[in-house]
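# Survey of secondary and tertiary structure
Residues per chain, in single letters:
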2 protein chains.
Amino acid sequence: MRDFAVEAGGGALRPTVSDAISLGPGLALQGTRMHFGRNAEIFGEGEQAEYLYRVVSGAVRTIRFSSDGRRQILAFHLPGDVFGLEPGAKHTLSAEAIGEAEVSMVRRSLIDAAANEDVAAARALLTLMQRELLATQEHALVLGRKGAGERVAAFLLKLADRVTSSCEIDLPMSRADIADYLALTIETVSRAFTQMERDKAIALPSSRHVIVRDRCALELLEAA
Amino acid sequence: MRDFAVEAGGGALRPTVSDAISLGPGLALQGTRMHFGRNAEIFGEGEQAEYLYRVVSGAVRTIRFSSDGRRQILAFHLPGDVFGLEPGAKHTLSAEAIGEAEVSMVRRSLIDAAANEDVAAARALLTLMQRELLATQEHALVLGRKGAGERVAAFLLKLADRVTSSCEIDLPMSRADIADYLALTIETVSRAFTQMERDKAIALPSSRHVIVRDRCALELLEAA
DNA sequence: CGCTCGATTGAGCCGCGTCAAAGTGCGTGG
DNA sequence: CCACGCACTTTGACGCGGCTCAATCGAGCG
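Predicted model, so just to flag it, every value in this text is computed and none were measured. Every residue gets a number counted from 1 within its own chain, in the order that chain's sequence is written. Here the convention is simple: chains get letters from A, ligands get numbers from 1, in the order in which they are written. With pLDDT at 70 or above as the cut-off, local features in this predicted model cover only qualifying residues; side-chain atom pairs require 80 or more to be listed or tallied, and sums for whole chains, interfaces and linings still use all residues. No hydrogens and no water enter the side-chain calculation; it runs on all heavy atoms of the structure.

### Some remarks on the overall build of chain A
Under the DSSP-based scheme used, a helix requires at least four consecutive residues in state H or I and a strand at least two consecutive residues in state E, with every element numbered from the N terminus. When helices and strands are counted, chain A shows 6 helices and 13 strands. Its C-alpha atoms give chain A principal-axis dimensions of roughly 55 × 40 × 30 Å. Burial analysis of chain A (224 residues in total) assigns 50% to the buried set. When checking whether two residues touch, look at their non-hydrogen atoms; a contact exists if any pair is within 4.5 Å. Contacts in chain A between residues at least 24 apart in sequence constitute 69% of all its contacts with a sequence separation of at least 6. Note on areas: Shrake-Rupley, 1.4 Å probe, and residue coverage restricted to the protein chains presented here. Carbon and sulfur atoms make up 53% of the accessible area of chain A, which amounts to about 10,100 Å² in all. Residue burial is assigned from relative accessible area. The probe radius is 1.4 Å, only protein chains are included, and a residue is buried under 20% of its type maximum, exposed over 50%, and partly exposed in between.

Next up, the structure:
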């Protein structure tokens, strides 16, 4: 149940996530698998957007820098997630592997060709885009309207829904990543975790391993 | 130079904004014009998404409510802007006229039909979507990383770029709207305005009328 | 064993939210 | 035309939450 981030090299046991990117029910484009090391840049802001990406294993963050030089993480991408979709020619943000990660890449020329012939494919791209828009809107709402504890609670709940049906989460990212995603400081994130542990809402066997003890308490916290 | 929001009924002098929605160079769909009164709901969250909209005159806000019941304004739409684009069946947010507003509406069935035959139209929709995604990401960054004064400065600068090339802005929205957009309180927004006036960065002949006196000072403030 | 990086904990300060009270502009009705 | 009321804006006082600075702790690794 641990370690969806490692095991580089072997292609044997990967039940759910293949190398293909699905563009609607009838079409899936085969991609090239590539490996990225810890903190390796997958693509950078301003570069030509040559590929569409999909996480096979590990986790990926997309980032941008604000004018004062601080890092803002826009999203985390887990196995199965598609990222790097940009209709324009250039990337408007950067993407980095968080730990060791395997990523499947499909050339944009192939995507474009598929979208040009197949209307369903074009629609699939639009849907992909909308999912990202919705997530970003939701995130903006969290940043604007919630306090520190509520942000962390919301983050954990969303992650728990995404990563597993069980109540155990292996965080692929550091406190610094969480802080830069939630627009908080490391210290505040850390304090929020300890507080939630004190309230018996979660357990923290190690700093990267979270057990959701009382989901309702978290949901209550999130709503605050 | 004032009053792009009023003059209901007459269709005479409207140089820049027509009733049509452009979907690429070769295609523009004619819409039906409709009038909405101050604070009137154009569509609500959860309703069927039957139309694509375009602001002809006036201004429109799109809103959502956070779990604690507070209003969050996701975007302001000015004359020429398209809004209400949602690939899904239902609207995921609400839209309201801020003042008196004229809006051009095109049935989604027409949009879909156009996207199905014309690849360029589908691409135009994708581009429209991306523009919104970029704006939302930028906004999330502002909410997360900037202080009150910087948010208001950034807001004014973006508005100034959008509404006119001159340095005079007629705010279509109230302080409460600005506050709910920037995730601040009315009081804090008001204080930011007065502070900027004190610093000679802007002048405030009336609360809705802003003159940008020193654009550099604003840009400096925004970067802070 | 000791170094290093990440996480935790504490003390103090500052910005923004809250509550409260004037002040301002505008439409309505006398 | 003036008086009134209402909605919006501005200004002030005060408290709290999260940032800053700083020290300690813990785990992985050479």
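### Some remarks on unusual backbone geometry
With a phi angle near 65°, A:K200 is a residue other than glycine that sits in the positive phi range. When you line up the elements, A:K200 lands in the loop between helix 5 (186-198) and strand 12 (202-206).

### Details of the domain arrangement of chain A
Residues and elements named next belong to chain A. The domain boundaries assigned to chain A delineate domain 1 (20-144) and domain 2 (146-223). Residue ranges for the domains originate in an automatic or database domain assignment. Domain 1 and domain 2 are separated by 25 Å when their C-alpha centres are compared. A buried area of about 1,400 Å², summed over both sides, lies between domain 1 and domain 2, and 57% of it is on carbon and sulfur atoms. Counting the surface domain 1 buries against domain 2, the share from its top three residues, F76, L78 and V142, is 40%. Here a salt bridge means any side-chain nitrogen of Lys or Arg lying within 4 Å of a carboxyl oxygen belonging to Asp or Glu. Between the two partners, domain 1 and domain 2, sit 4 salt bridges. Of all elements in the fold, only strand 7 (71-77) and helix 2 (119-145) reach the threshold of two or more residues within the side of domain 1 that touches domain 2. In terms of residues, the side of domain 1 that touches domain 2 owes the most to one element, strand 7, which gives 6 residues. Polar here means any residue outside two lists: the nonpolar Ala, Val, Leu, Ile, Met, Phe, Trp, Tyr, Cys and Pro, and the charged Asp, Glu, Lys and Arg; Gly therefore counts as polar. Split into classes, the residues belonging to the side of domain 1 that touches domain 2 amount to 10 nonpolar, 3 polar and 3 charged. When two components associate, each loses some accessible surface as probed by a 1.4 Å sphere; the sum of these losses over both components is called the buried area.

### What to know about the packing of helix 3 (residues 148-163) of chain A against helix 4 (residues 175-182) of chain A
Residues and elements named next belong to chain A. With axes taken as lines fitted to C-alpha atoms, and helix axes fitted only over the stretch in contact, angles between N-to-C directions fall between 0 and 180 degrees. The geometry of helix 3 relative to helix 4 is characterised by a closest axis approach of 11 Å and an angle of 110° between their N-to-C directions. The orientation of helix 3 with respect to helix 4, classified from their angle, is roughly perpendicular. Side by side, helix 3 and helix 4 meet where R151, V152, F155 and K158 of the first sit next to I178, Y181 and L182 of the second. Looking at side-chain class alone, the contact of helix 3 with helix 4 contains 5 nonpolar, no polar and 2 charged residues. Under this scheme an angle from 65 to 115 degrees is roughly perpendicular, one under 35 degrees roughly parallel, and one over 145 degrees roughly antiparallel; angles in between are oblique.

### Structural notes on the pattern of salt bridges
Using the criterion set out here, one finds 26 salt bridges over all chains in the structure. The residue B:R145 makes a salt bridge to A:D180 at a minimum N-O spacing of 3.3 Å. Taken together, the positions of B:R145 in helix 2 (residues 119-145) and A:D180 in helix 4 put the pair across two chains. With relative accessibility at 9%, the residue B:R145 sits in the buried group.

### Digging into the relation of the copies chain A and chain B
Superposition of the copies was done by least squares, using only C-alpha atoms of residues whose pLDDT is at least 70 in both. The operation relating chain A to chain B is a screw motion whose rotation component is 180°, with 0.1 Å of axial translation and a residual RMSD of 0.0 Å. Taken together, the rotation and translation relating the two chain copies correspond to the operation of a two-fold axis. Among all C-alpha atoms of chain A, that of A:A140 lies closest to the rotation axis, at 2.3 Å. Both copies share a contact surface, since 100% of the interface residues of chain A are interface residues in chain B too.

### A short note on the packing of aromatic side chains
The aromatic pairing rule takes the rings of Phe, Tyr and Trp, using the six-membered ring of Trp, and pairs them if the centres are within 6.5 Å, calling planes under 30 degrees apart stacked, those over 60 edge-to-face and the rest tilted. Overall, the coordinates contain 14 aromatic pairs over all chains when judged by the stated rule. Aromatic pair B:Y53 and B:F83: ring centres 5.3 Å apart, planes at 15°, arrangement stacked. Taken together, the residues B:Y53 in strand 5 (residues 51-57) and B:F83 in strand 8 (residues 82-83) connect sequence positions 30 residues apart. Of the residues examined, B:Y53 reaches a relative accessible area of 4% and is grouped as buried. With relative accessibility at 1%, the residue B:F83 sits in the buried group. An aromatic cluster of at least three residues, connected via ring pairs, comprises A:F43, A:Y51, A:Y53 and A:F83. Over the ring of A:F193 we find A:R175, and its NZ or CZ is 4.2 Å from the ring centre. We count a charge as sitting over a ring when the NZ of a lysine or the CZ of an arginine lies within 6 Å of the ring centre and within 35 degrees of the ring normal.

### Some thoughts on the protein's contact with DNA strand D
The nearness test applies per residue and asks whether one of its heavy atoms lies within 4 Å of the molecule or strand. Around DNA strand D, the surrounding shell holds 19 residues, and the nearest of these are A:A148, A:T188, B:R175, B:S190 and B:T194. Taken together, the sugar and phosphate atoms account for 65% of what DNA strand D places within 4 Å of the protein. For this analysis, a polar contact is any N or O atom pair within 3.5 Å, provided that within protein one partner can donate a hydrogen and the other can accept it, and provided that sequence-adjacent residues contribute only side-chain to side-chain pairs. A:E187 is positioned such that a nitrogen or oxygen atom in its side chain is 3.0 Å from a base nitrogen of DNA strand D. B:R38 is positioned with one of its side-chain polar atoms (N or O) 3.3 Å from a phosphate oxygen of DNA strand D. Split by residue class, the surface near DNA strand D holds 4 nonpolar, 7 polar and 8 charged.

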